[in-house]
Amino acid sequence: MVTRRSFFKGTGLGLAAATAVPALLATTARAQQAPAAGGDAFLTAIAGYTFNKFKLEPALEMMKKADVRHLCIKDFHLPLNSTEEDVAVFHEKCKSFGVAGYGVGPIYMGNADEARRAFAYARRVGVKVVVGVPFEMRDGKRVGSAVLLEVVNGLVKEYDMKYAIHNHGPDMPELFPTAVSGIELIEKLDKRIGLCLDIGHELRAGIDPVESILKYGDRLHDFHLKNVTAATKAGRTVELPRGIIDIPAVVRALRKVSYTGACSLEYEKDMDAPLAGIAESIGYFRGVADATRG
């Protein structure tokens, strides 16, 4: 068993050296397939929502300091109505910091037009993963939509993209609170429709995220990495080594299901000044990956 004490003794906390920078801009769509540092098939990345208080350039500067090369793009950094020229400028800016986008989202979509717009946007951006939240309105609330998922089922075939439903935990009980709430709606749909499993929200909903990884590994298309203080709605996001989720067990489970997507840190603590927490979390995750390998 890797304890926090043995981990720090054996590996130290720091910003581990990353693999060589993948070819950027023209090969952004391939970036998601590059192996992680140390030999794992999954990527170390950052979810764009982490930087919702920052414009693109300072966000990229923080990624460079933390030596993270992959980003799930949020529309506050690259709007959904961006032109091909806007996208080219965006990629060039990312390239200057050694960063490549591997996916887009989460994108909330409430009808077929919004779903199609999201896929067309992802194609312009040059990525193959759309993190989405398909909903319909009922009694003034957004509720996960089986009807819209039928539309998405056609779009993943048309665009040959993966679609990953983001779970929201107990904060939004009608809108995919858990992994299984998504699986129930997609189990008969194209396998390219799957999950963006947020392990913090999963635990806050009272479900062990390790079990969810093992159960639904074949439908994991994206992954939000975080830790929380409690397995209840009151649980708060904290630095990765400081919460109650067993991160070594998470890493082992990802390997067991042969996960090849991104592990995107979604850091929601200290969002006005997140760099220290990002660095601690990324360093810990890489150290755990190294210490549990073999």
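Side note on the overall build of the chain
Helix and strand counts for the chain stand at eleven helices and eleven strands. Split into buried and exposed, the 294 residues of the chain put 55% on the buried side. In the chain, the proportion of contacts linking residues at least 24 apart, taken out of those at least 6 apart, comes to 77%. Only carbon and sulfur atoms are counted for the fraction: they give 52% of the accessible area of the chain, which is about 12,400 Å².

Quick word on the pairing of strand E1 (residues 43-47)
Most of E1 is tucked away: five of the five residues are buried. Burial along E1 is two-sided: the residues Leu43, Ala45 and Ala47 and Thr44 and Ile46 are all buried. In terms of strand pairing, E1 meets strand E11 (residues 262-265) through four bridges, oriented parallel. Counted as the bridge partner of alanine 45 is serine 264 from E11. Examined bridge by bridge, E1 and strand E2 (residues 70-73) share two bridges and lie parallel to one another.

Observations concerning the packing of helix H3 (residues 56-66) against helix H4 (residues 84-96)
The contact between H3 and H4 brings their axes to 9 Å, and the two run at 30°. For H3 against H4, the interelement crossing comes out right-handed. Between H3, through Leu56, Glu57 and Leu60, and H4, the contact on the second element is made entirely by Phe90, Lys93 and Cys94. Across the contact of H3 with H4, the residue classes tally to four nonpolar, no polar and two charged.

So, the side chain of lysine 226
Of note, lysine 226 is situated in the loop between strand E8 (220-225) and strand E9 (227-228). According to the relative accessible area criterion, lysine 226 is buried, its value standing at 2%. Side-chain polar atoms of lysine 226 contact the side chain of aspartate 198, separated by 2.8 Å. Of note is the side chain of lysine 226, whose polar atom sits 2.8 Å from the side chain of glutamate 268. With residues near it in sequence (within four places) discarded, lysine 226 still touches Asp198, Ile199, Gly200, His201, Thr237, Leu240, Ile245, Ile247, Glu266 and Glu268.

Section: the pattern of salt bridges
Opposite charge on two side chains permits them to pair, given that their charged atoms come into close proximity. Enumeration according to the criterion identifies 21 salt bridges in this entry. With a closest N to O distance of 4.0 Å, lysine 74 and aspartate 75 form a salt bridge. You can call aspartate 75 partly exposed: its relative accessible area is 29%. Of the charged contacts in the structure, one is a salt bridge between glutamate 266 and lysine 226, with a shortest N-O distance of 3.0 Å. Highlighted residues: glutamate 266 in the loop between E11 and helix H11 (275-291) and lysine 226 in the loop between E8 and E9, separated in sequence by 40 residues. Owing to a relative accessible area of 4%, glutamate 266 belongs among the buried residues under this scheme. What you see here is one network of salt bridges that share partners, running through Asp40, Arg255, Asp290 and Arg293.

A few points about the state of the cysteines
Evaluation of the coordinates by the stated rule reveals zero disulfides. A disulfide-free cysteine, cysteine 72 has its sulfur positioned 7.0 Å from the sulfur of cysteine 196, the nearest such atom. A relative accessible area of 1% means that cysteine 72 is categorised as buried.

Comments concerning the packing of H3 against H11
Running from N to C, H3 and H11 point in directions that differ by 40°, and their axes come no closer than 10 Å. As the angle between them shows, H3 and H11 are arranged oblique. Regarding H3 and H11, the two cross each other, and that crossing is right-handed. Contacts between H3 and H11 involve Met62, Lys65 and Ala66 from the former and Leu275, Ile278, Ile282 and Arg286 from the latter. Partitioned by chemical class, the residues of the contact of H3 with H11 number five nonpolar, no polar and two charged.

Brief notes about the environment of leucine 240
Relative to the elements of secondary structure, leucine 240 occurs in the loop between strand E10 (237-238) and helix H10 (247-256). Note on leucine 240: relative accessible area 1%, which makes it buried. Once the C-alpha coordinates of leucine 240 and isoleucine 278 are considered, the two residues, 38 residues apart in sequence, prove to be 8.7 Å apart.

Remarks on the side chain of histidine 91
Within the secondary structure layout, histidine 91 lies in helix H4. Given a relative accessible area of 6%, histidine 91 falls into the buried group. Among the polar contacts made by the side chain of histidine 91, one reaches the main-chain carbonyl oxygen of valine 125 at a distance of 2.7 Å.

Considering H3
For H3, the set of buried residues is Leu56, Ala59, Leu60, Met62, Met63 and Ala66. The arc enclosing the buried residues of H3, seen along the axis, measures out at 155°, which places them on a common side. Those residues of H3 that are buried lie in contact with E1, E2, H4 and H11. Residue aspartate 67 follows H3 closely and has a positive phi angle near 60°.

Definitions and limits used
- Along each chain, numbering runs from 1 in the same order as the chain's sequence is written.
- The predicted origin of the model limits local features to residues at a pLDDT of at least 70 and limits the giving and counting of side-chain atom pairs to 80 or more, whereas totals for whole chains, interfaces and linings rest on all residues.
- Only hydrogens and water are set aside when side-chain values are computed; all heavy atoms of the structure are taken into account.
- Strands here are runs of E lasting at least two residues and helices are runs of H or I lasting at least four, both read from the DSSP assignment and numbered beginning at the N terminus.
- Throughout, exposure labels follow a simple rule: accessible area from a 1.4 Å probe, protein chains only, divided by the maximum for the residue type, with under 20% read as buried, over 50% as exposed, and the rest as partly exposed.
- Any two residues whose heavy atoms approach within 4.5 Å at even a single point are treated as in contact.
- Residue-level accessible areas treat just the shown protein chains as cover; the underlying method is Shrake-Rupley with a 1.4 Å probe.
- Only strands joined by at least two bridges in the DSSP assignment are considered to pair.
- Simply put, an axis is a line fit to the C-alpha atoms, just over the touching stretch for a helix, and the angle between two N-to-C directions goes from 0 to 180 degrees.
- The hand of a helix crossing depends on one turn: near helix anticlockwise from the far one by less than a right angle means left-handed, and clockwise means right-handed.
- Each residue is assigned to one class: nonpolar for Ala, Val, Leu, Ile, Met, Phe, Trp, Tyr, Cys and Pro, charged for Asp, Glu, Lys and Arg, and polar for all the others, Gly among them.
- We define a polar contact as two N or O atoms separated by no more than 3.5 Å, with the added condition that, inside protein, one atom must be a possible hydrogen donor and the other a possible acceptor, whereas residues neighbouring each other in sequence contribute only through side-chain atom pairs.
- The salt bridge criterion pairs a side-chain nitrogen of Lys or Arg with a carboxyl oxygen of Asp or Glu, the two atoms within 4 Å.
- Whenever a pair of cysteine sulfur atoms sits within 2.5 Å, that pair is classed as a disulfide.
- Any angle that falls under 35 degrees is termed roughly parallel, while one over 145 is termed roughly antiparallel, one within 65 to 115 roughly perpendicular, and all others oblique.
- Note that the arc is computed from the directions linking the helix axis to the C-beta atoms.

Purely spatial values, then, with no claim about function.
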